Amino acid sequence: MLVGRSVLGNALETRLTASVLIVGGGPCGLMLANELGRRGVSAILVDEKPGTAFNPQANATQARSMEHYRRLGFAAEIRREGLPADYPTDVAYFTRYTGHELARFSLPSSSRAGELIKGLSGSWSAAELPHRVSQKYVEAVLRRHAEALPGIQLNYGHRLMGYVESDEGIVGEIERLDDGSRFKVQADFLVGADGPRSTVRQSLGIVYGGETGTQRDFMGGRMLAVYLRSPDFYASVPHAKAWMYNCFNGDRRAFMASVNGRDEFAFHTQLRPGEDENAITTNEAKAAFQRACGAPIECEVLSFLTWTAGHALVANAMQRGRVFLGGDAAHLFTPTGGLGYNTAIEDAVNLGWKLASVAKGLSPPTLLDSYEIERRPVALRNTDYARRFADSLGLFAPAHDIELDTDEGREARRIAGAYLEQHARAEFNIPGVTFGGRYDGSPIIISDGSVPPPDAANVYVPSACPGGRAPHAWLEDGVSLYDLFGFEWTLLQFGEAVSTRLAISDAVRTLGIDVKLVTLPEALHDLYEADLALIRPDQIVAWRGAAAQAGTIERILACALGHDAANAARLAS
């Protein structure tokens, strides 16, 4: 990263230079900074906020995101954040928190997840399980690791005022908010990860498409979010602890996530007709929580704000020229299923290795065209899943007598409990959503003509069909297969083949890339249904084939790096 000063008229101008200018310091921007910095690519990040998130925001890190954190070396650190290691991560439903429990979907604590993971197979064959942790903690970890990387500069309290794009790159004008001073950043690329009101997206004239303004009894319309502290909550509630507390009645529907397992909670409730969001006070926010509790449990309101549920939106484009969109700037979710933040993380992973490959001269700029081709269909898929979960929960209305201690009330609770238990399994046991996103049709995926497994929310079928996540396995020594992958490219071979090793050496010498050859026992051959499998830096299968095709590895790698999309089609035929 270079700092220079030039004369403009009579004024001195400070100009910073980096490969990538990132606008937005949330999960997507911070993850991208980590991906670039780990590859020795410089980046400057700016964000208007004074620092990482204070409010809890997203509260669920899916297993795929945890696998990426593991790849970067800090999954264990993330898993130590948030809830205590022995805290249950159950999802529970109540008429009110001190009232009747309707249903409970039991999920393991963080420590129990670590014990279970190596014994799971099938849909949950993974290097990591989900972790229930508030986004505020995740952002702090991502920031800490990004700041430690050479060439990465994070600038909170700064905003992008505008930029100019040319054949030579991007020049952005940045304002420091505390004193109004300005400087310029010269970069090869600009990434807008600046949220739903993205100034970068608006500068491109790109709009969202999809559904918005959906009204539901719950999770559709204006919502009140309250970050609160309540030391007496657990002692006041006559039920086992849960991670997610849902309130289901005709008066005040809500959900609440435990933030630290002791006294902090993220409470969200639907505003009712006639409630004026502009007139909400701290006392009214507190009263909304107490109505959901069904008791005057004392609490301290740390912050509150309003937001809108009912979005299933995806930008009509995710890139234009040297400018890219990621995270909420590219797609906006209703938070059922916890898919917004996790989709943003995978945006950053996908774009990160590609920007680095182009910045280092390993790939042509046309490689970057694959970002939108790969990620936009996944965004459409994931917003649709989130919409379905929101419909399932929000369109199911409570019976009017569900809180009554009568035969009718008991029957209403039985019916609601059965439905909500089924819903919880559908929304919170989603290996298919988590692992099943695919990049079929991408110009840098070399198809072998095989048919991908069906896309289903609650079932994941591990498959090495090119374009999907590499099938995972725990090896006999208790090591994750993913831990054997190289940080960049990996070629798996099932059984030793000298010809493969020679072909890899030639390809590395010619293309200048980092490829790790991993030899696995023949017993794992059936998992990939091939002698060889090429794994991308984002752990996606780019190609698989027979040992006799080892001599084509150089051409296959060239295609996967974006050098010759037409050749990819020929190799696939």
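Residues numbered from 1 in each chain as written. Predicted model: local features only at pLDDT ≥ 70, side-chain atom pairs only at ≥ 80, totals over all residues. Heavy atoms only, no water.

### Some remarks on the overall build of the protein
Here is step 1: Across its full length, the protein carries 16 helices and 23 strands.
Here is step 2: In summary, the protein has a C-alpha radius of gyration of 25 Å against a globular reference of 25 Å for 573 residues, a match within 12%.
Here is step 3: The principal-axis extents of the C-alpha atoms in the protein amount to approximately 75 × 70 × 35 Å.
Here is step 4: Counting all 573 residues of the protein, 59% fall into the buried class. (Helix = DSSP H or I, 4+ residues; strand = E, 2+ residues; numbered from the N terminus. Rg over C-alpha atoms; globule rule 2.2 N^0.38 Å. Buried < 20%, exposed > 50% of the residue type's maximum accessible area, 1.4 Å probe, protein only.)

### Topic: the nonpolar core
Here is step 1: By size, the foremost hydrophobic cluster in this structure holds 95 residues, and its most contacted members are L36, Y69, L355, W489, L491, L534 and L557.
Here is step 2: In terms of residue count, the dominant contributor to this core is helix α9 (residues 339–359) (10 residues).
Here is step 3: In this structure L355 touches V20, L32, L36, F189, V191, F324 and L368, once residues within four positions along its chain are discounted.
Here is step 4: Counting 54 residues, the second largest nonpolar core, distinct from the first, contains F218, V226, F255 and A412. (Core = buried A, V, L, I, M, F, W, Y, C linked by side-chain atoms within 4.5 Å. Contact = heavy atoms within 4.5 Å.)

### Digging into the confidence of the model for the protein
Here is step 1: Averaged over all residues, the pLDDT of the protein equals 94, while 96% of them reach at least 70.
Here is step 2: Counting interchain partners and residues more than four positions distant, the pLDDT-below-50 stretch residues 3–12 has 15 contacts.
Here is step 3: When the criterion is pLDDT under 50, residues 568–573 qualifies, and its contacts beyond four places in sequence or with other chains add up to 10 contacts. (pLDDT = per-residue confidence, 0-100.)

### What to know about the sheet that holds strand β19 (residues 331–333)
Across a sheet, strands are paired by hydrogen bonds formed along the backbone, either parallel or antiparallel in direction.
Here is step 1: Pairing is antiparallel across the open sheet formed by three strands, whose spatial order is β10-β16-β19. With partners counted over all chains shown, the strands left at the sheet margins are β10 (208–211) and β19, one partner each. The mean angle between the axes of side-by-side strands here comes to 15°, regardless of whether they run parallel or antiparallel.
Here is step 2: In the sheet, β10 pairs with strand β16 (residues 312–315) via four bridges, with the strands oriented antiparallel. Across the sheet, residue E211 finds its bridge partner in β16, namely A312.
Here is step 3: Sitting on the sheet, helix α10 (residues 369–394) touches β10, β16 and β19, and the angle it makes with β16 is about 170°. (Pairing = 2+ DSSP bridges. Axes fitted to C-alpha atoms, helices over the stretch in contact; angles between N-to-C directions.)

### Here's the deal with the environment of T199
Here is step 1: With respect to the secondary-structure elements, T199 resides in helix α6 (residues 199–204).
Here is step 2: Linking T199 and G162, residues 37 residues apart in sequence, is a C-alpha distance of 8.8 Å.

### Comments concerning unusual backbone geometry
Here is step 1: Even without a glycine there, the phi angle at Q57 is positive, about 55°.
Here is step 2: Its location among the elements puts Q57 in the loop between β3 (43–47) and α2 (63–72).
Here is step 3: Using a relative accessible area of 45% as the deciding quantity, one classes Q57 as partly exposed.
Here is step 4: Positive phi values are uncommon outside glycine, yet E529 reaches one of about 50°.
Here is step 5: Of note, E529 is situated in the loop between α14 (525–528) and β22 (532–535).

### Quick look at the packing of aromatic side chains
Here is step 1: Per the stated rule, a full pass over the model turns up 25 aromatic pairs.
Here is step 2: Where F267 meets F289, the ring centres are 5.9 Å apart and the plane angle is 85°; that geometry is what we call edge-to-face. Placement of the pair is F267 in strand β14 (residues 264–270) and F289 in helix α8 (residues 282–293), with a sequence separation of 22 residues. Exposure class is identical for F267 and F289. Each is buried. (Phe/Tyr/Trp six-rings, centres within 6.5 Å; stacked < 30°, edge-to-face > 60°.)

### Brief notes about the sheet that holds strand β20 (residues 489–494)
Here is step 1: One open sheet holds the four strands; their spatial order is β21-β20-β22-β23, and the pairing between them is mixed. If you trace the sheet from one side to the other, it starts and ends with β21 (515–520) and β23 (541–545), each paired once. Put simply, the sheet's adjacent strands are angled 15° from each other on average, direction ignored.
Here is step 2: In the sheet, β20 pairs with β21 via six bridges, with the strands oriented parallel. Paired with L491 across the strands is L517, a residue of β21.

### Concerning the packing of α2 against α9
Here is step 1: Packing of α2 against α9 brings their axes to within 9 Å, and their N-to-C directions diverge by 40°. When the interaxial angle is binned, α2 and α9 end up oblique. As α2 runs across α9, the sense of the crossing is left-handed. Where α2 approaches α9, its residues R64, S65, H68, Y69 and R71 are matched on the opposing element by Y341, N342, I345, E346 and V349. (Parallel < 35°, antiparallel > 145°, perpendicular 65-115°, else oblique. Left-handed = near helix turned anticlockwise from the far one by under 90°.)

### Some words on the side chain of R544
Here is step 1: Inspection of the secondary structure assignment puts R544 in strand β23.
Here is step 2: Of note is the side chain of R544, whose polar atom sits 3.1 Å from the side chain of S450.
Here is step 3: A polar atom in the side chain of R544 sits 2.9 Å from the backbone oxygen of Y528.
Here is step 4: Here R544 is in contact with D448, S450, A464, C465, P466, Y528, E529, A530, L532 and A533, once residues within four sequence places are set aside. (Polar contact = N/O pair within 3.5 Å; in protein donor to acceptor, adjacent residues only side chain to side chain.)

### A short note on the pattern of salt bridges
Here is step 1: On inspection of all chains with the given rule, the structure shows 50 salt bridges.
Here is step 2: In this structure, the salt-bridge partner of D384 is R388, at a minimum N-O distance of 2.8 Å. Here D384 and its partner R388 are both found in helix α10, four residues apart, which amounts to about one turn of the helix.
Here is step 3: We classify D384 as partly exposed; its relative accessible area is 25%.
Here is step 4: Here D440 ties to R438 by a salt bridge, and the two come within 2.9 Å at their closest N and O atoms.
Here is step 5: By relative accessible area, R438 is classed as buried at 16%.
Here is step 6: Within this structure, R96, D251, R252, R272, E275, R291 and E403 form a network of salt bridges that share partners. (Salt bridge = Lys/Arg side-chain N within 4 Å of Asp/Glu carboxyl O.)

### Observations regarding the environment of T212
Here is step 1: Its location among the elements puts T212 in the loop between β10 and β11 (221–229).
Here is step 2: Once residues lying within four places of it in the same chain are set aside, the contact partners of T212 are G310, H311 and L313.

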